[in-house]
Amino acid sequence: MGKTTRPFLRGSEFLWQEGHTIHATADEAREETMRMLDIYETTARELLAIPMVTGKKTDKEKFAGAEETYTIEALMHDGKALQSGTSHYFGDGFAKAFDMKFLDKDNQLKYVHQTSWGVSTRLLGAIIMVHGDDNGLVLPPRVAPTQVMIIPIQQQKEGILDKAYELESQLKAQGIRVKVDASDKSPGWKFSEAEMRGIPLRLEIGPRDLQNGQCVVAKRVDGEKQTLALDETLPGKLAALLDQVHDEMYQKALQFRDEHITNVSTYDEFKDVLNSKGGYVKMAWCGDEACEIKIKEDTAATSRCIDTDAKAEGVCPICGKKAKHIVYFARAY
C-alpha cells in the first residue's frame, strides 16, 4: 500500500534533483558521494537556514543496492525528523550486474564505480515546518520570492505612492526582490498578508514618515521594528538586515535542534524521551538489525543515521551486546 500523501513531503507527483556519476576507482566515487552530501548540507544551511544532522544510514535504512548511504536530516517543529537529501555510494555492484566496463589507462577493461544523490520538494516542506509559526510561513531571505514588501500608509495622500515606487526602484537596483502593495486593502490587512506569506521584511511608509524622512521596517522572524532614514544608505542597510534575518533564523532552528538531541543509556530512558520531548535520541547500538526492528515496533522510531564522528562505547540497551555505533533515532515523516 502507498504511503499517505502529504503536501511538499510525499505526493503522487514528485519533483527532485538527482545525479548519477561513474568513476574509475572506489576512492573517486566515495569522494564524490561525500562531496554531494556536503553540498546538500551547505545548501540547507546557507540558503534555507536549516541546520541538518548528517551521517551514514544503517544497513536496514540504506538505499537498496548501495554499499553506503549518507543523509541530511532536518528536525521539524513537532519533534519529528525529515530525511531531506541522500547521497549513495554503489561500489561496482550495478556495474557487475549490467556489465558496465571502461578501458583503463593500463589498457584493461574494468568495472566502473558508481554514485547517486538527490534532494526533492521535501526541502520545501522542511522550510515550512522548521521556520513556520502560528501566523503562517516564515521564509528564509535567500530563497524568499519577495524579500521586502513596501506597504504605503494612507496611500491616497500626495507623494506616498510616488515615494513607495521610488523606494522599490532603489532597492531593485541593489538586487533586493521587492514589491509595493498598492491594493485597496487596509494597511492592517496588508500587514497580516505579508506576515502569512512569510515575507522577511515589511517596510511601512506613511505621511508622517515622509515628513520626517524615514520609514519603519519590521522583521517577520521576530516582529522587531526599527526606524531607518530615507536616504542613500537604506538599500545597503536592508541588504545587511536580510543577512541578519538569515542568521537569526538559522540560530533559532539550531537552538531548537540542539535542545532536542538527547543522549540516553537505557531503553526506558529512550522511550521516555521519545514520548515526552521528541526529537533525536542518541543511543549506543550493537549493529544488529533485530534491535532496530524491535525499536520500530515498540516506539515507531527509526534509526535516522549513524554518528560517524562518535566513538561507540558501552553496550546496546536493547540486547546488552557491545556497541558498534552511536545512532540518532527519531520518529520521522
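Residues numbered from 1 in each chain as written. Predicted model: local features only at pLDDT ≥ 70, side-chain atom pairs only at ≥ 80, totals over all residues. Heavy atoms only, no water.

Overview of the overall build of the chain
Alright, step 1. In terms of regular secondary structure, the chain is built from nine helices and 16 strands.
Alright, step 2. Expected size for 333 residues packed as a compact globule is a radius of gyration near 20 Å; at 25 Å, the chain overshoots this value by more than 25%.
Alright, step 3. Overall size of the chain, expressed as C-alpha extent along the three principal axes, is 75 × 60 × 40 Å.
Alright, step 4. Within the chain, buried positions represent 46% of all 333 residues.
Alright, step 5. Contacts in the chain between residues far apart in sequence, at least 24 positions, make up 64% of those at least 6 positions apart.
Alright, step 6. Approximately 17000 Å² of the chain is accessible, and the part contributed by carbon and sulfur atoms is 50%. (Helix = DSSP H or I, 4+ residues; strand = E, 2+ residues; numbered from the N terminus. Rg over C-alpha atoms; globule rule 2.2 N^0.38 Å. Buried < 20%, exposed > 50% of the residue type's maximum accessible area, 1.4 Å probe, protein only. Contact = heavy atoms within 4.5 Å. Areas by Shrake-Rupley, 256 points an atom, 1.4 Å probe, with all protein chains shown as cover.)

Points about the environment of T54
Alright, step 1. Following the sequence through the fold, T54 ends up in strand 2 (residues 53-56).
Alright, step 2. Look at T54 and you get partly exposed, because its relative accessible area is 33%.
Alright, step 3. For the pair T54 and D181, spaced 127 residues apart in sequence, the C-alpha separation works out to 41 Å.
Alright, step 4. With residues near it in sequence (within four places) discarded, T54 still touches E41, T71, I72 and C305.

Notes on the nonpolar core
In globular proteins that are soluble, nonpolar side chains generally tend to be buried together.
Alright, step 1. Membership of the largest hydrophobic core comes to 26 residues, with the highest contact counts inside it found for I150, L203 and L238.
Alright, step 2. Secondary-structure elements contributing two or more residues to this core are strand 8 (148-152), helix 4 (160-173), strand 9 (178-180), strand 10 (201-205), strand 11 (214-219) and helix 7 (234-259).
Alright, step 3. A total of eight residues in this core trace back to one element, the largest contributor, which is helix 7.
Alright, step 4. Dropping the residues within four chain positions of it, I150 is found in contact with A164, L167, E168, L171, V178, K179, V180, D181, L203 and I205.
Alright, step 5. Counting residues in each nonpolar core, the second largest holds 23 residues, with Y40, L48, L82 and L123 among its members. (Core = buried A, V, L, I, M, F, W, Y, C linked by side-chain atoms within 4.5 Å.)

With respect to unusual backbone geometry
Alright, step 1. A positive phi angle, near 55 degrees, is found at D99, a position not held by glycine.
Alright, step 2. Structurally, D99 can be placed in the loop between helix 2 (93-98) and strand 5 (101-103).
Alright, step 3. Of note, N107 is a non-glycine position whose phi angle comes to about 70 degrees, a positive value.
Alright, step 4. When you line up the elements, N107 lands in the loop between strand 5 and strand 6 (109-111).

Side note on the layout of surface pockets
Alright, step 1. By volume, the largest pocket is sized at about 1000 Å³.
Alright, step 2. Among the elements of the structure, strand 1 (16-23), strand 4 (81-91), strand 7 (113-120) and strand 15 (302-306) are those that each provide at least two residues to the lining of the largest pocket.
Alright, step 3. Per-element tally for the lining of the largest pocket: the top contributor is strand 4, with six residues.
Alright, step 4. The residue inventory of the lining of the largest pocket, partitioned by class, reads 10 nonpolar, 12 polar and 12 charged.
Alright, step 5. Empty space within the second largest pocket amounts to approximately 220 Å³.
Alright, step 6. In this structure, the second largest pocket is lined by 17 residues; those nearest its centre are H77, V130, H131, K252 and A253.
Alright, step 7. For the lining of the second largest pocket, the leading source of residues is helix 7, giving five residues. (1 Å grid on protein atoms, 1.4 Å probe; cavity = no way out; pocket = protein on both sides within 12 Å on 5 of 7 lines; lining within 4 Å. Points joined across faces, edges and corners; volume = space filled by probe spheres on them. Nonpolar A, V, L, I, M, F, W, Y, C, P; charged D, E, K, R; others polar.)

Section: helix 1 (residues 26-46)
Alright, step 1. Over its 21 residues, helix 1 extends 30 Å from the first C-alpha to the last, a length consistent with the 30 Å expected when each residue adds 1.5 Å.
Alright, step 2. Of the positions making up helix 1, those classed as buried are A29, E32, T33, M36, L37, Y40, E41 and A44.
Alright, step 3. Summarising the contacts, the buried residues of helix 1 are in contact with strand 1, strand 2, strand 3 (68-75), strand 4 and strand 7. (Expected span 1.5 Å × (residues − 1).)

A few points about the state of the cysteines
Alright, step 1. Counted according to the given criterion, the structure contains zero disulfides.
Alright, step 2. The thiol sulfur of C286 is not disulfide-bonded, and the nearest other cysteine sulfur, from C319, lies at 3.7 Å.
Alright, step 3. By relative accessible area, C286 is classed as buried at 5%.
Alright, step 4. C319 provides the cysteine sulfur closest to C316, a residue in no disulfide bond, and the two sulfurs are 3.9 Å apart.
Alright, step 5. Exposure remark for C316: the relative accessible area of 1% places this residue in the buried category. (Disulfide = S-S within 2.5 Å.)

Observations concerning the packing of aromatic side chains
Alright, step 1. Counted by the stated rule, this structure contains five aromatic pairs.
Alright, step 2. Judged by centre distance (5.0 Å) and plane angle (75 degrees), the ring pair of F90 and F94 falls under edge-to-face.
Alright, step 3. Taking relative accessible area as the criterion, F90 reaches 5% and is therefore assigned buried.
Alright, step 4. What makes F94 partly exposed here is its relative accessible area of 27%.
Alright, step 5. Between Y280 and Y328, the ring centres sit 5.6 Å apart and the planes meet at 80 degrees, which makes this aromatic pair edge-to-face. Of this pair, Y280 sits in strand 14 (residues 280-285) while Y328 sits in strand 16 (residues 325-330), placing them 48 residues apart in sequence.
Alright, step 6. Joined through ring pairs, the aromatic side chains of F63, F90 and F94 make up one cluster.
Alright, step 7. Lying across the ring of W189, K185 places its NZ or CZ 4.7 Å from the centre. (Phe/Tyr/Trp six-rings, centres within 6.5 Å; stacked < 30°, edge-to-face > 60°. Lys NZ or Arg CZ within 6 Å of the ring centre and 35° of its normal.)

Everything listed is a geometric property; what it means functionally is a separate question.
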